[in-house]
Amino acid sequence: MAALFVMTYGVVAVSYPRQRAAAWFMGSYFLGFLTPVCELMIRFTDHVPIFSLFGYAVFLGGILMMSVGVQAFAGRRPSWRFALLVWIAGIALRLAIWGGARGTMPYELLFQLPFAIASFLVLLAVRWIGQKGPIRGLLMGIFGIICGHFLAKPFLAISLGSGASAKAYANSVYAVASQVSTGVLLVAAGLCLMLLVIQKALEESILDAETDPLTKLTNRRGLNRIAPRLMAEAERDGRGLYVLVLDLDYFKRINDDYGHATGDAVLVAFARLLETLATRDVLTVRMGGEEFALLVPDGESAPDAIDNRATRLGRSIRVALESFMDPGMPRLTVSGGVVRYIKGETLEGLVARADQLAYRAKRAGRDRILHDRSDVVPERNLVWPESARLVAG
């Protein structure tokens with residue numbers, strides 16, 4: 001089983017380079033694979049002290065390496081130096097009790113204590129994993145049991161007898177019970193970790209597929225997946241959902257006059273501006289080329305309100321564009337349209353309505369954002385009369 005985990009984690013580490021934790025888990029189970037090999041060598045060779053100490057060292061190292069891997073998986077900086085210190089202290093403790101009386105509580109407790117500490121460190125690291133759900137909870141439970149398991153082993157060793165020597169231990173009933181119980185628990189832990197690693201790898205793959213590589217905003221594929229959920233939530237909660245479509249003015253001229261590298265830099269800078277001004281609940285999308293869309297939830301504005309969250313956001317974007325570009329860069333303006341989601345409307349129809357308004361804004365002179373109940377009023381700072389039917393930003 002340990003060998004299978006080594007191969008599986010190795011495949012994940014190679015296939016998903018960002019999954020650094022998979023390499024740590026591969027190393028952990030490789031050390032776990034060496035442990036039963038050492039047990040066999042104790043049983044069938046005369047080099048008992050060497051394999052006894054080596055088996056203890058690799059097993060302790062495997063658990064500690066797992067704690068480091070879980071830290072990496074949780075997005076924390078792995079404290080491998082601390083793990084190394086615990087490993088050295090554990091080896092020193094094992095050497096200190098080397099000639100002790102086997103089958104006594106002090107000896108057996110000190111023998112198992114480093115394993116219990118290492119398991120507890122894994123348990124602490126699991127608490128940092130951001131992925132909520134039953135798998136994380138199950139993993140915490142398993143390592144809680146593993147920690148208690150090592151603390152209970154001294155009592156089992158005394159009751160069953162751990163043998164007068166390492167070779168006698170290898171042939172004892174206690175050895176079978178100890179190795180089987182530990183193996184089952186570590187296999188369960190490995191399966192849970194594997195599920196978490198694969199789940200995270202799949203989530204990252206989906207995120208990559210739904211992210212525009214240039215601007216790092218959500219792309220159309222992401223919009224098609226996320227928007228229906230936002231629309232369903234708006235219907236369920238009875239709140240508004242607006243789409244703000246923005247199209248950069250004269251962007252082709254920027255590419256022609258300054259080059260495509262500058263055009264790409266403008267797109268990236270504009271994307272960062274959108275992320276800065278939009279709150280966390282706003283979905284910001286690059287539709288393609290120089291066209292962007294923002295899905296803006298609004299639970300406060302009335303359905304017929306012209307001055308809503310989306311129009312205020314559009315106004316802020318237009319104002320910010322006046323000063324956000326570097327010296328020597330072309331002045332950048334934007335045209336757009338704001339529409340409110342109508343119950344039962346398709347995503348395609350919703351975006352198309354906003355897109356049509358953006359084109360109307362361009363034909364009306366650019367540098368303006370139109371509402372779906374609007375005529376043209378180009379001023380920037382408006383006092384909104386009841387009859388106003390345009391949001392110019």
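As shown above, the structure is provided for reference.
Residues numbered from 1 in each chain as written. Predicted model: local features only at pLDDT ≥ 70, side-chain atom pairs only at ≥ 80, totals over all residues. Heavy atoms only, no water.

1. Overview of the sheet that holds strand β2 (residues 283-288)
Heads up, the condition is: In this scheme, strands are said to pair when DSSP sees at least two bridges between them. Secondary structure is summarised from DSSP: a helix means a run of H or I of at least four residues, a strand means a run of E of at least two, and numbering begins at the N terminus for each. Only C-alpha atoms enter the line fits that serve as axes; for helices the fit covers just the stretch in contact. Angles between N-to-C directions range over 0 to 180 degrees. When checking whether two residues touch, look at their non-hydrogen atoms; a contact exists if any pair is within 4.5 Å.
If you walk across this open sheet you meet the five strands as β2-β3-β1-β4-β5, and the pairing is mixed. Of all the strands in the sheet, the pair left with one neighbour each is β2 and β5 (369-371). When the angles between neighbouring strand axes are averaged without regard to direction, this sheet yields 20°. Both strand β1 (residues 240-248) and strand β3 (residues 291-298) contribute to a ladder of eight bridges, which runs antiparallel. If you follow Asp247 over to β3, its bridge partner there is Glu291. Where helix α13 (residues 347-363) meets the sheet, it contacts β1, β2, β3, β4 (334-340) and β5, and its direction lies at approximately 145° from that of β4.

2. Section: the packing of helix α5 (residues 105-126) against helix α6 (residues 134-160)
Two quantities define a packed helix pair, namely the angle between the helix axes and the distance between the axes. Our working definition: If an angle is under 35 degrees, it is roughly parallel; if it is over 145, roughly antiparallel; if it lies from 65 to 115, roughly perpendicular; otherwise it is oblique.
Where α5 meets α6, the closest approach of the two axes is 8 Å, and the angle between their N-to-C directions is 175°. It follows that α5 is roughly antiparallel to α6 by the angle criterion.

3. Looking at the pairing of β3
For clarity, the cut-off: Burial here depends on accessible area, computed with a 1.4 Å probe over protein chains only, as a share of the maximum for the residue type. Under 20% is buried, over 50% is exposed, and the range in between is partly exposed.
Of all eight residues in β3, eight are buried; the element is thus mostly enclosed. Side-chain alternation along β3 places Glu291, Ala293, Leu295 and Pro297 on one buried face and Phe292, Leu294, Val296 and Asp298 on a second face that is also buried. Where β2 meets β3, five bridges bridge the pair, whose relative direction is antiparallel. Across the sheet, the residue bridging to Leu283 is Leu295, located in β3. Counting the residues that bridge the hairpin from β2 to β3 gives two residues, and of these Gly289 lies at a positive phi of roughly 60°.

4. Brief notes about unusual backbone geometry
Backbone geometry places Lys216, a non-glycine residue, at a positive phi of 65°. Here Lys216 shows up in the loop between α8 (173-209) and α9 (220-237). With relative accessibility at 56%, the residue Lys216 sits in the exposed group. Although it is not a glycine, Asp367 sits at a positive phi angle of roughly 55°. Structurally, the position occupied by Asp367 is in the loop between α13 and β5. Using a relative accessible area of 19% as the deciding quantity, one classes Asp367 as buried.

5. Concerning the side chain of Ser52
Locating Ser52 in the fold gives a position in helix α3 (residues 48-73). Residue classification places Ser52 among the buried positions, given a relative accessible area of 13%. If sequence neighbours within four positions are ignored, Ser52 has contacts with Ile42, Arg94, Trp98 and Ala166.

6. Brief notes about the packing of aromatic side chains
The following threshold applies: Each Phe, Tyr or Trp ring (for Trp, its six-membered ring) is paired with any other whose centre lies within 6.5 Å, and the angle between the two planes then decides the class: stacked below 30 degrees, edge-to-face above 60, tilted in between.
For the coordinates displayed, the defined rule picks out 12 aromatic pairs. Note on Tyr56 and Phe111: the rings are 5.0 Å apart at their centroids and 75° apart in plane angle, and the pair reads as edge-to-face. Taken together, the residues span a long stretch of sequence, with Tyr56 in helix α3 and Phe111 in helix α5 at a distance of 55 residues. Of the residues examined, Tyr56 reaches a relative accessible area of 4% and is grouped as buried. Ring geometry for Phe270 and Phe292: centres 5.0 Å apart, planes at 70°, overall edge-to-face. Here Phe270 is found in helix α11 (residues 260-277), whereas its partner Phe292 is found in strand β3, with 22 residues between them in sequence.

7. Quick look at the packing of helix α4 (residues 80-96) against α5
Convention followed: By the convention adopted, Pro, Cys, Tyr, Trp, Phe, Met, Ile, Leu, Val and Ala count as nonpolar, Lys, Arg, Asp and Glu as charged, and the other residues, Gly among them, as polar.
It is at 10 Å that the axes of α4 and α5 come closest, and there the two elements cross at 170°. Considering their axes alone, α4 and α5 lie roughly antiparallel with respect to each other. Contacts from Phe82, Val86, Gly90, Leu93 and Arg94 in α4 reach Tyr107, Leu110, Phe111, Pro114, Ile117 and Leu121 in α5. Each residue belonging to the contact of α4 with α5 can be placed in one class, and the counts come to nine nonpolar, one polar and one charged.

8. As for the state of the cysteines
The term disulfide refers to a covalent linkage connecting the sulfur atoms of a pair of cysteines. Applied cut-off: Only a pair of cysteine sulfur atoms within 2.5 Å counts as a disulfide in this structure description.
A complete count under the given rule lists zero disulfides for this structure. This cysteine, Cys192, is not joined by any disulfide, and Cys147 carries the nearest cysteine sulfur, 17 Å off. According to the relative accessible area criterion, Cys192 is buried, its value standing at 6%.

9. Regarding the nonpolar core
Rules: Buried residues of nine kinds, namely Ala, Val, Leu, Ile, Met, Phe, Trp, Tyr and Cys, make up a nonpolar core once their side-chain atoms join them within 4.5 Å.
Core analysis: the biggest nonpolar cluster contains 48 residues, and Tyr9, Val70 and Leu139 have the highest contact counts within it. Secondary structure elements with two or more residues in this core: α1 (2-15), α2 (20-44), α3, α4, α5, α6 and α8. In terms of residues, this core owes the most to one element, α3, which gives 11 residues. In this structure Val70 touches Phe25, Val122, Ala125, Val126, Ile129 and Leu193, once residues within four positions along its chain are discounted. Membership of the second largest hydrophobic core comes to 27 residues, among which are Leu274, Leu294, Leu332 and Ile369.

10. Notes on the pattern of salt bridges
Heads up, the condition is: What makes a salt bridge here is a side-chain nitrogen of Lys or Arg within 4 Å of a carboxyl oxygen of Asp or Glu, nothing more.
For the structure shown, the criterion picks out 15 salt bridges. Between Asp249 and Lys362 there is a salt bridge whose closest N-O contact spans 2.9 Å. Note that Asp249 is positioned in the loop between β1 and α10 (251-258) and Lys362 in helix α13, a separation of 113 residues in sequence. We classify Asp249 as buried; its relative accessible area is 3%. Lys252 is the partner of Asp256 in a salt bridge, and the nearest nitrogen-oxygen pair spans 2.9 Å. Linking Asp256 with Lys252, this pair stays in helix α10, spanning four residues, or about one helical turn. The same class applies to Asp256 as to Lys252, namely exposed. A single network of salt bridges, built from pairs that share partners, joins Arg229, Glu233, Arg236, Asp237 and Arg239.

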